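Commentary on secondary and tertiary structure
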Amino acid sequence: MSRRRTSLVVDDDRAMLEWLDEALGDEGFAPTLAAGPAEALAAVTARPHDLVLSDVEMPGMRGVDLVAAIHARRP
């Protein structure tokens, strides 16, 4: 039996999170949704993810900086 691939989706737009949740679920991913950088960092600290999709412009931290912080925690 193969495991479902995990994904982390980070966006401050709730409608975009819901759309990506459905789209990734349809492709076999088990999405974790984060409404911002703080939630995303907590999620990757709790467990690794196979895929991270992040908004570029969010309050508190840019997506590029978030990806660097995630990589520092889970290379």
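Read on for an overview of the structure. Bear in mind the structure is a predicted one, so any value in this text is a computation, not a measurement. (Residues numbered from 1 in each chain as written. Predicted model: local features only at pLDDT ≥ 70, side-chain atom pairs only at ≥ 80, totals over all residues. Heavy atoms only, no water.)

1. Considering the packing of aromatic side chains
Evaluated as defined, the whole model comprises zero aromatic pairs. Above the ring of Phe29, the side-chain terminus of Arg5 is found at 4.1 Å from the ring centroid. (Phe/Tyr/Trp six-rings, centres within 6.5 Å; stacked < 30°, edge-to-face > 60°. Lys NZ or Arg CZ within 6 Å of the ring centre and 35° of its normal.)

2. Section: the sheet that holds strand E2 (residues 29–34)
One open sheet holds the three strands; their spatial order is E2-E1-E3, and the pairing between them is parallel. What marks the edges here is a single partner per strand, and that holds for E2 and strand E3 (51–54). Averaged over all adjacent pairs, the angle separating strand axes in this sheet is 20°, with direction ignored. Where strand E1 (residues 5–10) lies against E2, six bridges are found, and the strand directions are parallel. Each residue of the ladder has a partner; that of Ser7, found in E2, is Pro31. Along the sheet, helix H2 (residues 37–46) makes contact with E1 and E2, crossing E1 at roughly 160°. (Pairing = 2+ DSSP bridges. Helix = DSSP H or I, 4+ residues; strand = E, 2+ residues; numbered from the N terminus. Axes fitted to C-alpha atoms, helices over the stretch in contact; angles between N-to-C directions. Contact = heavy atoms within 4.5 Å.)

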